[in-house]
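In case you want the letters, here they are:
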2 protein chains.
Amino acid sequence: MENQTVREVAVIGSGSWATTIACLVAKNIIWIPYYNSTVKIYVREEEEEVGNKSLAEILSTQRENVKYLPGFTIPSNVLVETDIIQATKNADVIIFAVPHKFLEETCKCIAGRIKQSVVGLSLIKGLIAKDGKLELGSDVIRRVLGIEVSVLMGATFASEVAAEELAEATLGCSSPEVAHLFSTLLKSNYFCLTCINDVTTVELCGALKSIVACAAGFIDGLGYGENVKAAVVRLGLVEMVWFTRMYYPGAKLRTFLENCGVGDLVASCYGHRDWLAAKYFITGKVFSKLEENVLKGQVIHGPETAALVYGFLKGKELEYKFPLFAAVHKIWTNEVNPTDLIDLVRNHPAYENAELQ
Amino acid sequence: MENQTVREVAVIGSGSWATTIACLVAKNIIWIPYYNSTVKIYVREEEEEVGNKSLAEILSTQRENVKYLPGFTIPSNVLVETDIIQATKNADVIIFAVPHKFLEETCKCIAGRIKQSVVGLSLIKGLIAKDGKLELGSDVIRRVLGIEVSVLMGATFASEVAAEELAEATLGCSSPEVAHLFSTLLKSNYFCLTCINDVTTVELCGALKSIVACAAGFIDGLGYGENVKAAVVRLGLVEMVWFTRMYYPGAKLRTFLENCGVGDLVASCYGHRDWLAAKYFITGKVFSKLEENVLKGQVIHGPETAALVYGFLKGKELEYKFPLFAAVHKIWTNEVNPTDLIDLVRNHPAYENAELQ
């Protein structure tokens, strides 16, 4: 970051979480010296029309994201930009909050047109396939833009944070300076933050937990009891740890005790979108209705993340070590009967690896 | 254990979990060489009258524990004993499953009258106060009987295990031989077992999780959202880890990823007795009604465990490091307003101890 007197913050994205974080930063930033007191938020104009007006126009004039975060007033110091170059060219901090499938394209739009000293923060949960390899959101940003990126993960349902209900989140970042920067921008009376020097683990937790949430949803859809559900959630966490340690040998076990790990996992397995989608899948409710009536444009990550993780594991002939992850993928693709989950739990390798047997 | 051709197993207790485990062992034991094919279960006669018959008599003749586990047939090789000496004097394995407040008295009854080679297993969750100190169930058994004791903990709602629905549990024991012994007696197609050489941690998890379940119940009773609940469950787990490591420095972090840790915690925080009692407490439902209508003689551990843990922490002037545990005690005793939980989360020392701040 350049040594200047006025720093700028830009948020890329117009979903519920992007809007919520823009508002959170906007409320903090007026009190922070050396920061421009407005926060720019880039809202794509072309595909977001609501009624006869664009979402950007509504957001700008009504001060409400009627599509993704209805009912919450957006502070006047959130400046809506429909030109991504204008939104980001002077930014010292860029917060990435677009759906992961648009991330590479978004980064390419601004490549070479942002400050080289910019500090990035990715809010993007999910995995991305690139040339047969797995990438995390922060990997894409680093690859395309060559900047350092931190990540923010956790059990953070946007509407609750927007309503200023208490929540905590985990910031994965690699230096105390960046931890301090984002703590200053994000922490508040209702938004607690822990900063952890284990970026990849924090980010992988955010992606992998959606697979476990699907498994929990299948179990609930099938009508099994609390013991089975607890076993599935627990074994899912074990596979999260195993996968993370294989993918990133530096992973620390204590990171899984942060909000990005256990916190997000319990929230996701007892009531988030992936859990609900998986439950609907079993009980035969039509998926398109779910997307229309419940998700309202919000994405679920479980099926895609499960497919990518399964492909990765199959490439290494290691899918047998992750039976829950593999089963979630194969249940979504109708290759495996959901009730087979029970046999998978029964024969899970976690029991073989136990200490004393 | 003596080198003999026929070993005997006794279960002390007549509650739902004692009955379920007796049935589980009974189904296994007929296939295990060197074991007597009957399992003795000690049922207290004097205080368990149901209708005009004693519970022991009903259990013995109707083959059903009508009081604590109605609807399940007890195998014919479960032998009901109303004399605790008769039940245990020839036992090579004793499984302790009485409420923790009766444990010391029960142990004293059989002290000096059991084989010195006996192998113990405690199913008892909860803490016990003894001369101003905290004791775990296994500590009481060791102190009074001088035998080695393993522990079995986890998300194991008795009625689901009795119905042969899948469940997993964690066995805390200190040698591979004992792990093998209990795996043989307990493991089945629907009961998965992990054996962990970290007995105290396994047992403390079983006790401490009931405090966290109360916190989760208070939060749900107050009507807070999923983010707060996830934060409370997560911070509760952090306090479980901190407390365990202070009480028992040998505790391993990975033990908390077993069913006794995360598994039992999620099941307890999303629907077990302590959670329900705490929710009732907030919403103003009468506690005695809860005990009568919902618990039906089953105990909740949360309030007592919270009080004991609070007393222990206060004695060390460390209660400020465990604000969630302390608050749960003080909410039960009406010293603290339940809504104060939110401020406690906000200012939790877990945020101060974070790596990068």
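Calculation rules
- Note that residues are indexed from 1 along each chain, following the sequence as it is written.
- Here chains are named by letter from A upward and ligands by number from 1 upward, in the order in which they appear as written.
- For this predicted model, a pLDDT threshold of at least 70 governs which residues receive local features, and a threshold of 80 or more governs which side-chain atom pairs are given and counted, while totals over whole chains, interfaces and linings are taken from all residues.
- Each side-chain value is worked out from all heavy atoms of the structure, with water and hydrogens disregarded.
- Here, a strand pair is defined by DSSP locating no fewer than two bridges between the strands.
- Secondary structure counts use DSSP, requiring at least four H or I residues in a row for a helix and at least two E residues in a row for a strand, with both numbered from the N terminus.
- Comment: axis = line fitted to C-alpha atoms, over the contacting stretch for helices; angle = value between 0 and 180 degrees taken between N-to-C directions.
- We call two residues in contact whenever any of their non-hydrogen atoms come within 4.5 Å of each other.
- Orientation labels follow simple angle bins: below 35 degrees gives roughly parallel, above 145 gives roughly antiparallel, 65 to 115 gives roughly perpendicular, and whatever is left gives oblique.
- When residues are grouped by polarity, Ala, Val, Leu, Ile, Met, Phe, Trp, Tyr, Cys and Pro land in nonpolar, Asp, Glu, Lys and Arg in charged, and all others, Gly among them, in polar.
- For this analysis, a nonpolar core means a set of buried residues of the types Ala, Val, Leu, Ile, Met, Phe, Trp, Tyr and Cys, connected via side-chain atoms within 4.5 Å.
- Partly exposed residues are those whose accessible area sits between 20% and 50% of the maximum for their type, while under 20% is buried and over 50% is exposed, using a 1.4 Å probe and protein chains only.
- Here pLDDT means the predictor's own confidence in every residue, given as a number from 0 to 100.
- Least-squares fitting of one copy onto the other uses the C-alpha atoms of those residues that reach a pLDDT of at least 70 in both copies.
- A 1.4 Å probe defines the accessible area here, and the buried area is the portion of it lost by two parts on being joined, summed over both.
- One side-chain nitrogen of Lys or Arg within 4 Å of one carboxyl oxygen of Asp or Glu is enough to make a salt bridge.
- Here a polar contact is recorded for every N or O atom pair within 3.5 Å, except that within protein the pair must consist of a potential hydrogen donor and a potential acceptor, and residues adjacent in sequence are included only if both atoms are side-chain atoms.
- Charged residues are defined here as Lys and Arg on the positive side and Asp and Glu on the negative side; His and the ends of the chain fall outside this count.

Caption draft 1: Highlighting the sheet that holds strand β10 (residues 149-153) of chain B. All names here are of chain B. Taken in spatial order, the 8 strands of this open sheet run β5-β2-β1-β6-β7-β10-β11-β12, and their pairing is mixed. In this open sheet, the two edge strands, each paired with only one partner strand, are β5 (78-81) and β12 (191-196). Pairs of neighbouring strands in the sheet enclose a mean axial angle of 25°, with direction left out of account. As defined by bridge partners, strand β6 (residues 93-96) adjoins strand β7 (residues 119-122) across 4 bridges and the pair is classed as parallel. Across the sheet, the residue bridging to I95 is L121, located in β7. In this fold helix α5 (residues 137-145) packs onto β6, β7 and β10, with an angle of close to 160° to the strand it touches most, β10.

Caption draft 2: Here's a closer look at the packing of helix α1 (residues 16-29) of chain A against helix α7 (residues 176-186) of chain A. Residue and element names in this part refer to chain A. Running from N to C, α1 and α7 cross one another at 95°; their axes reach a closest spacing of 7 Å. As summarised for this structure, α1 and α7 are arranged roughly perpendicular, according to the angle between their axes. Where α1 approaches α7, its residues I21, L24, V25, N28 and I29 are matched on the opposing element by T184, L185 and L186. Here the contact of α1 with α7 is composed, by residue class, of 6 nonpolar, 2 polar and no charged.

Caption draft 3: How the structure looks around the nonpolar core. Grouped together as the largest cluster of nonpolar side chains are 139 residues, with contacts concentrated most on A:M240, A:F243, A:F325, B:F218, B:M240, B:F243 and B:F325. Ignoring anything within four residues of it in the chain, the contact list for A:M240 reads A:C205, A:L208, A:K209, A:V212, A:F256, A:L265 and A:F325.

Caption draft 4: Quick peek at the pairing of strand β11 (residues 167-172) of chain A. Residue and element names in this part refer to chain A. The element β11 is extensively covered by neighbouring structure, given that 6 of its 6 residues are classed as buried. Residues A167, A169 and L171 of β11 are buried on one face, and the alternating residues E168, T170 and G172, pointing to the opposite face, are buried as well. In this sheet, β11 lies alongside strand β10 (residues 149-153) in antiparallel orientation, the contact comprising 3 bridges. Note that in β11 the partner of L152 across the bridge is L171. Inspection of the sheet shows β11 paired to strand β12 (residues 191-196) by 6 bridges, in the parallel sense. Each residue of the ladder has a partner; that of A167, found in β12, is F191.

Caption draft 5: Summary view of the confidence of the model for chain A. Across chain A, the average pLDDT comes to 93, with 92% of residues at 70 or higher. We note a pTM of 0.95 for the whole complex and an ipTM of 0.94 for its interfaces.

Caption draft 6: Here's a closer look at the relation of the copies chain B and chain A. Laying chain B over chain A is done by rotating through 180° and shifting 0.0 Å along the axis; what remains is an RMSD of 0.0 Å. One copy is carried onto the other by what is essentially a two-fold rotation axis. Of the C-alpha atoms belonging to chain B, the one lying closest to the rotation axis is found on B:V266, 3.5 Å away. Counting the interface residues of chain B, we find that 100% of their copies in chain A are interface residues as well, pointing to one common contact surface.

Caption draft 7: Here's a closer look at the interface of chain B and chain A. Tallying the contact residues gives 55 residues for chain B and 55 residues for chain A. Taken over both partners, the interface formed by chain B and chain A buries close to 4800 Å², and the fraction arising from carbon and sulfur atoms is 60%. Run the count over chain B and chain A and you get 4 salt bridges. With a closest N to O distance of 2.9 Å, A:R234 and B:E168 form a salt bridge. Seen at the junction of chain B and chain A, the total is 18 residue pairs in polar contact (both at pLDDT 80 or more).

Caption draft 8: Structural context of the environment of A:I114. All names here are of chain A. Mapped onto the elements, I114 comes out in the loop between α4 (103-110) and β7 (119-122). A residue is classified by how much of its surface remains accessible, and I114, at 9% relative accessible area, is buried. Separated by 204 residues in sequence, I114 and L318 place their C-alpha atoms 41 Å apart. Each residue touching I114, except ones within four places of it in the same chain, is listed here: T88, K89, I94, L145 and I147.

Caption draft 9: Just the pairing of strand β8 (residues 127-130) of chain B, in detail. Residue and element names in this part refer to chain B. Summarising the sheet, β8 and strand β9 (residues 133-136) pair through 4 bridges and their orientation is antiparallel. Bridging across to β9, L127 finds its partner in L136. Linking β8 back to β9 in an antiparallel pair, the connection comprises 2 residues, with D131 at a positive phi of about 50°.

Caption draft 10: Expanded view of the sheet that holds strand β5 (residues 78-81) of chain A. Residue and element names in this part refer to chain A. Reading across the sheet, the 8 strands line up as β5-β2-β1-β6-β7-β10-β11-β12 and stay open at both edges, with mixed pairing between neighbours. In this open sheet, the two edge strands, each paired with only one partner strand, are β5 and β12. With direction set aside, neighbouring strand axes in the sheet form an average angle of 25°. Strand contacts of α1: β1 (7-12), β2 (35-42), β5, β6 (93-96), β10 and β12, with the helix running at about 170° to β2, the strand carrying the most contacts. Against the sheet, helix α8 (residues 199-222) engages β10, β11 and β12, with an angle of about 40° to β10.

Caption draft 11: Layout of the side chain of A:E239. All names here are of chain A. Looking at the secondary structure, you find E239 in helix α9 (residues 226-247). Although E239 is buried, it makes no salt bridge; R234 carries the closest opposite charge, 10 Å away. Residues in contact with E239, not counting those within four places in the same chain, are F322, P323, L324, F325 and H348.

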